[in-house]
Amino acid sequence: MSEVLKIFKIGGGIIDDTAQLSFFLSELARVGGKKIVVHGGGKGANELLTTLGMLPNMVNGRRITDAATLDVVTMFYAGKTNKQIVALLQQVGVNALGLSGADGNVIRAIKRPVGEIDYGFVGDLPEQSINTELIQLLLEGNLTPVFCAITHDGHGQLLNTNADTIASTLARALAHFYQVELHFCFEKDGVLADVNDESSVIPQITPSLYTDLKASGAIAAGMLPKLENAFAALEAGVAKVIIENALKINKPVKTILCRD
Ligand SMILES: Nc1ncnc2c1ncn2[C@@H]1O[C@H](COP(=O)(O)OP(=O)(O)O)[C@@H](O)[C@H]1O
Ligand SMILES: CC(=O)N[C@@H](CCC(=O)OP(=O)(O)O)C(=O)O
């Protein structure tokens, strides 16, 4: 049996609240074994763009990223957010290494083709986009890679890529070498039967239950692409997918995805 690798994707407002972020990372430091962190920061980016007088524009959960927006999100995700997370991990004794997809050619994306909608500088991740050799080297060297949502195309162009997609693609690629556990950590206690009732966490979801929940409207907004990514990872050989509160990763309350 191969070694366990835990991939933690952190999103939502927790990233921009230093006290909550510190707490999450100190809980993460208590998790043994090999780990990878992937962070978003879309909510903070919306606030920053608004402050700068640039209206955030999201379509189907993806940011329309023109050149000026790409500059801002690169500074925010690959700069401030990534380095803050790395510094807080160093504080709790985890030797973290912050990376964009361009660093070490670790994630090479393809600019999303212009269709009905022109997403601008948004990167999609085909199979083979992950440099698994470099990641294995880092993990073997006891480093914890910390990935932001910025990738590159190999031709000098930075691209903005959804962080849930990065986490899911990393998990699928690394499932060839490790027993991967993929953790989506956010502000709620898991997938809720009623989004306004924190006590309604669904402990286990199968693809057929997911279909029913979608049809009933119980799952909406950002949770839809998150679960699409999550089930895709499970189907592609990722051992375990968990959706949980970033502040309760060491507590039993969570949603575990299972095959039918
Ligand atoms: N059934 C549900 N259970 C939990 N969250 C849900 C549900 N339906 C919709 N959501 C919404 O999905 C959001 C999470 O998606 P998103 O904001 O994209 O994630 P992240 O916080 O990781 O960036 C939650 O904050 C919540 O508002
Ligand atoms: C292309 C695209 O949509 N990129 C995302 C990347 C950040 C992200 O995914 O942040 P959360 O996980 O916190 O939502 C964006 O700019 O919002």
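Procedures and definitions
- Residues numbered from 1 in each chain as written.
- Chains lettered and ligands numbered in written order.
- Predicted model: local features only at pLDDT ≥ 70, side-chain atom pairs only at ≥ 80, totals over all residues.
- Heavy atoms only, no water.
- Helix = DSSP H or I, 4+ residues; strand = E, 2+ residues; numbered from the N terminus.
- Buried < 20%, exposed > 50% of the residue type's maximum accessible area, 1.4 Å probe, protein only.
- Contact = heavy atoms within 4.5 Å.
- Pairing = 2+ DSSP bridges.
- Near = heavy atom within 4 Å.
- Polar contact = N/O pair within 3.5 Å; in protein donor to acceptor, adjacent residues only side chain to side chain.
- Areas by Shrake-Rupley, 256 points an atom, 1.4 Å probe, with all protein chains shown as cover.
- 1 Å grid on protein atoms, 1.4 Å probe; cavity = no way out; pocket = protein on both sides within 12 Å on 5 of 7 lines; lining within 4 Å.
- Sits in = over half its atoms within 2 Å of the grid points.
- Points joined across faces, edges and corners; volume = space filled by probe spheres on them.
- Nonpolar A, V, L, I, M, F, W, Y, C, P; charged D, E, K, R; others polar.
- UniProt positions renumbered as here; feature names shortened; annotations may be inferred.

Trainee: Where do I start with the overall build of the chain in this structure?
Mentor: A tally of helices and strands in the chain yields 7 helices and 14 strands. Along the first, second and third principal axes, the C-alpha set of the chain runs to 45 × 40 × 35 Å. Out of the 260 residues in the chain, the part that is buried amounts to 49%. Contacts in the chain between residues far apart in sequence, at least 24 positions, make up 72% of those at least 6 positions apart.

Trainee: Honestly, the sheet that holds strand S14 (residues 255-257) in this entry has me stumped. Any pointers?
Mentor: Pairing between the strands of a sheet comes from backbone hydrogen bonds, and it takes one of two forms, parallel or antiparallel. Strands sit in the order S5-S8-S2-S1-S11-S13-S14-S12 across an open sheet of 8 strands; the sheet is mixed. Either end of the sheet is taken by a strand with one partner, and the two such strands are strand S5 (96-99) and strand S12 (204-205).

Trainee: Would you explain the site of ligand 1 in this entry?
Mentor: The immediate surroundings of ligand 1 are formed by 15 residues, with Lys 9, Leu 192, Ala 218, Ala 220 and Lys 226 found nearest. Between ligand 1 and Ala 218, the relevant distance is 2.9 Å, taken from a nitrogen atom to a main-chain nitrogen or oxygen of the residue. Alone, ligand 1 offers 560 Å² of accessible surface; in the complex the protein occludes 78% of this.

Trainee: What should I look at first to understand the site of ligand 2 in this one?
Mentor: As a structural note, the neighbourhood of ligand 2 is formed by 17 residues, with Lys 9, Gly 41, Arg 63, Tyr 77 and Ala 163 the closest of them. Within the contact set of ligand 2, an oxygen atom lies 3.0 Å away from a side-chain nitrogen or oxygen of Asn 160. In this structure, Ala 163 approaches ligand 2 through a main-chain N or O atom, which is 2.9 Å from an oxygen atom. About the coverage of ligand 2: the protein hides 90% of its 430 Å² of free accessible area. More than half of the atoms of ligand 2 fall within 2 Å of the grid points belonging to the largest pocket.

Trainee: What am I meant to see in the layout of surface pockets here?
Mentor: Rolled over the atoms, a probe as big as a water molecule pinpoints where empty space is left. The volume enclosed by the largest pocket comes to roughly 1,000 Å³. Those elements that provide at least two residues to the lining of the largest pocket are helix H2 (42-51), strand S4 (62-63), helix H5 (163-174) and helix H7 (223-235). Ranked by residue count, the leading element in the lining of the largest pocket is H7, at 4 residues. In the lining of the largest pocket, the residues fall into 16 nonpolar, 15 polar and 9 charged. In this model, the second largest pocket occupies a volume close to 270 Å³. Looking at the second largest pocket, it is lined by 16 residues, and the ones nearest its centre are Glu 127, Gln 128, Thr 169, Arg 172 and Ala 173. The leading source of residues in the lining of the second largest pocket is H5, at 5 residues. A class-by-class count of the residues in the lining of the second largest pocket yields 6 nonpolar, 8 polar and 2 charged.

Trainee: Can you walk me through the side chain of Thr 69 in this structure?
Mentor: As for its position among the elements, Thr 69 is in helix H3 (residues 67-91). Given the relative accessible area of 9%, Thr 69 is considered buried. Not counting the four nearest positions on each side in its chain, Thr 69 is found in contact with Leu 49, Met 54, Arg 63 and Ile 64.

Trainee: I keep staring at the UniProt feature "domain: Aspartate/glutamate/uridylate kinase" (unreviewed entry) in the chain and nothing clicks. Help me out?
Mentor: Under the UniProt annotation, "domain: Aspartate/glutamate/uridylate kinase" (unreviewed entry) lies at residues 7-245. End C-alpha to end C-alpha, residues 7-245 measures 15 Å, and it is 38% helix and 20% strand.

Trainee: So what exactly am I meant to see when it comes to the environment of His 183 here?
Mentor: You can see His 183 is positioned in strand S11 (residues 179-186). Relative accessible area serves as the criterion here: at 7%, His 183 is assigned to the buried category. For His 183 and Ser 168, which are 15 residues apart along the polypeptide, the C-alpha to C-alpha distance reads 9.6 Å. Those residues in contact with His 183 that sit more than four places away from it in its chain are Lys 6, Ile 7, Phe 8, Lys 9, Ile 242 and Glu 244.

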